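# Observations on the model geometry
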Amino acid sequence: MELQELERIVSKIEAGEIGQALSQLILFHEQIMSSPSKYSVDEKAFFYKTFGEILFQLGHYDQAIGIFRLAQAEKYSNDINDLIYNAFILPNMAEFEQNYTTNITSLQTDSPKRQFSELAYHLIPTEIENKYYLYHKSRKTIEDSFVLFGHEPGLIAARNSADLLASFLYVEKYEIGNVLSNLTEILDEGLECYVIIEEYDKFLSTLQGGIEEKLDKLRIFSSYSEINYYFENRTEYLPRNIVSYSADIQKAESYIQHLHRHRLLVQNKRRDRILLSICIPTYNRGHRALDNVIQSLNNVYDFELEVVISNNGTRNETMHSYEEIKNYPDSRVTYFEFADNQGFYANVVNVCRIASGKFVLLLSDEDIVDTQVLEEIMCFLQSNPDMALVKTSTTTQAKFQDASAFAGEEALNKFMLRSNYMSGMIINRELLIQKNVIEQMHELYIKGNVTTLIYPHMCWELLMCQYGNVHSTSLVLVREGKPEKMESEYIVKINSSAEVPEYATVESRLSQHNGFFEIMSTMEISKNAGVMQNMYINLCSKTFWLIKISIDCFYRAFSSKEDLLQILNKTYLFCTDNRYLEYCIDRKNVISNIDELYSEIAKHI
């Protein structure tokens, strides 16, 4: 390779023989790359400088800059630096400064925001859209090439499928194009997006290239100590979906695990951003409650979740288990105990009052939460913050279809009184407080309403249906435990040999009917006579069903068929009493429905 050969190639280009000339230059370049030791530093630097200038003159700027990098690697060249500065940097300086000023203003970071003049790099634009080279100011060297914000939207990579609620943490060298390409999808799911930048000076310099409106949706960190400090002093959910297109994520994973363990320390308890409180009213079953706590905490969450225990004045041999819960070394546990037994109603009310979550999940102490299903439920709650009520399925007692209903008549028709079972019901606690639902029911409770005493959760459910949308799911969130023998104080002797739980006696079932009706008649929506009539038909269906359960589970064992039919007749007369029917605009329709219920159970008997 000699000077004359290059001059002949330049002459061919001037004569319009560009294709042939470029082929020869590429051939020379390949020869140098294959046998670099055959050529001196001066020869290689001279060739690359000349080749780059030719490519530049032909408008092949991207290739030209790549070749100039090779020239600089061989020998320092003021000519190249002058060409780069005057042809690429200086003409774009004003635009780059404006871009940078706009971007840096919207950048969410606690790291230093440098002035434009303090940036370590200039940008070298190319004819390829959004592709730039970094030019180090002090070293006067062409460095990495990168694509700015113009990445095509892509699928989110490396998502933690076991934690659908988790925000995202991207670990990148200095480019954030891939982050931005996925940002819309992340934000649409209601999640946050954080970014650790390993080469912060380079990253800041890239912000000269164009204006990116979505930058203010990211939180940028320039070091791991910075992200550690940020999450130790805030309650934002940890970004457990860790993604990278250019860097190793192991260090980030270890930091997130450290932060998770830090949050679980009792002294670091924070209750201001809890999404779900698992509320367990309990009495005389400390061993079951302890097992429940341990199982419920077996998940990835920290500040998103709490387990709330309300001990209703236990005095039996399981008290030591409650002491263990009270001193449990986990910030997610909230424990309260009454000095004396206040009754089921007071305990359920209390466990919801002391909870801090946006939503509360009611759970009997013998039942267990399926923590894998919990992930999906948490994600649903996060995506539907205005949902008033979510009814999840249990293994046997409460089986639901996937369904939704708007607040009011639709929700009442679909969901009211569909299940007695407390476990698995999720209530929007913020809405519960806003609408004074507990207070409304308490007024009836102190007047002796039996239903509020036995089924406070169902009473709340009735009112919540008129205040917000309701959803049920076939997902089995609760695995039911084996029920333990009921306390003797809750057992009623029918005769010398027959016993029935107090709540299941015929008298109690009819009192419950009256109690539900009393609640319904005080509801705002009951001013609509048609809605009130439909609610009453649903109530009668519920009452006859409960009577059937009581007959099958208890009365059939010690009663004759005639006795059972007498119970059924008593229920019919009770439900068709004028004090209820006077609220119905079409009595014939209501009585017709009650007749069908009667006939069905009579055949069963």
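A brief look at the structure comes next. Being a predicted model, the structure only gives us computed values, none of them experimental.

Quick look at the overall build of the chain now. Tallying secondary structure elements over the chain gives 24 helices and 19 strands in all. Taken over C-alpha atoms, the radius of gyration comes to 36 Å for the chain, far larger than the 25 Å a tight globule of 605 residues would show. Taken along its principal axes, the extent of the C-alpha atoms in the chain is 120 × 55 × 40 Å. Buried positions account for 52% of the 605 residues belonging to the chain. Total accessible area on the chain stands at roughly 27,300 Å², and carbon and sulfur atoms take up 49% of it. Positive and negative charge centroids in the chain, built from 57 and 83 side chains respectively, lie 5 Å apart.

Leu 412, Ile 427, Trp 460, Leu 462, Met 520, Met 535 and Tyr 536 are the most contacted members of the largest nonpolar core, which has 72 residues in total. Here this core gets 10 residues from one element, more than from any other, and that element is helix α21 (residues 529-553). Residues within four places of Tyr 536 in sequence aside, it is in contact with His 513, Phe 517, Met 520, Cys 575, Tyr 580, Leu 581, Cys 584, Val 590 and Ile 594. Formed by 59 residues, the second largest nonpolar core is a distinct cluster that contains Leu 123, Ile 142, Phe 146 and Leu 148.

What follows is about the packing of aromatic side chains. Using the criterion set out here, one finds 27 aromatic pairs in the structure. An angle of 50° between the planes, with centres 5.8 Å apart, marks the rings of Phe 574 and Tyr 580 as tilted. Each member of the pair, Phe 574 as well as Tyr 580, carries the same accessibility label: buried. Three or more aromatic residues joined by ring pairs form one cluster here, namely Phe 517, Tyr 536, Phe 574, Tyr 580 and Tyr 583. The ring of Phe 116 carries the charged tip of Lys 137 above its face, separated from the ring centre by 6.0 Å.

It is the contact of helix α4 (residues 61-74) with helix α5 (residues 78-89), at a shortest axis distance of 11 Å, that shows an interaxial angle of 150°. Of the possible angle classes, the one that applies to α4 and α5 is roughly antiparallel. Here α4 runs over α5; the crossing is left-handed. Here α4 contributes Tyr 61, Ile 65, Phe 68, Ala 71 and Gln 72 to the contact with α5, which in turn contributes Ile 80, Asn 81, Leu 83, Ile 84 and Phe 88. The class makeup of the residues in the contact of α4 with α5 is 8 nonpolar, 2 polar and no charged.

Conventions we followed
- Residues numbered from 1 in each chain as written.
- Predicted model: local features only at pLDDT ≥ 70, side-chain atom pairs only at ≥ 80, totals over all residues.
- Heavy atoms only, no water.
- Helix = DSSP H or I, 4+ residues; strand = E, 2+ residues; numbered from the N terminus.
- Rg over C-alpha atoms; globule rule 2.2 N^0.38 Å.
- Buried < 20%, exposed > 50% of the residue type's maximum accessible area, 1.4 Å probe, protein only.
- Areas by Shrake-Rupley, 256 points an atom, 1.4 Å probe, with all protein chains shown as cover.
- Lys, Arg positive; Asp, Glu negative; His and termini not counted.
- Charge placed at Lys NZ, Arg CZ, Asp CG, Glu CD.
- Core = buried A, V, L, I, M, F, W, Y, C linked by side-chain atoms within 4.5 Å.
- Contact = heavy atoms within 4.5 Å.
- Phe/Tyr/Trp six-rings, centres within 6.5 Å; stacked < 30°, edge-to-face > 60°.
- Lys NZ or Arg CZ within 6 Å of the ring centre and 35° of its normal.
- Axes fitted to C-alpha atoms, helices over the stretch in contact; angles between N-to-C directions.
- Parallel < 35°, antiparallel > 145°, perpendicular 65-115°, else oblique.
- Left-handed = near helix turned anticlockwise from the far one by under 90°.
- Nonpolar A, V, L, I, M, F, W, Y, C, P; charged D, E, K, R; others polar.

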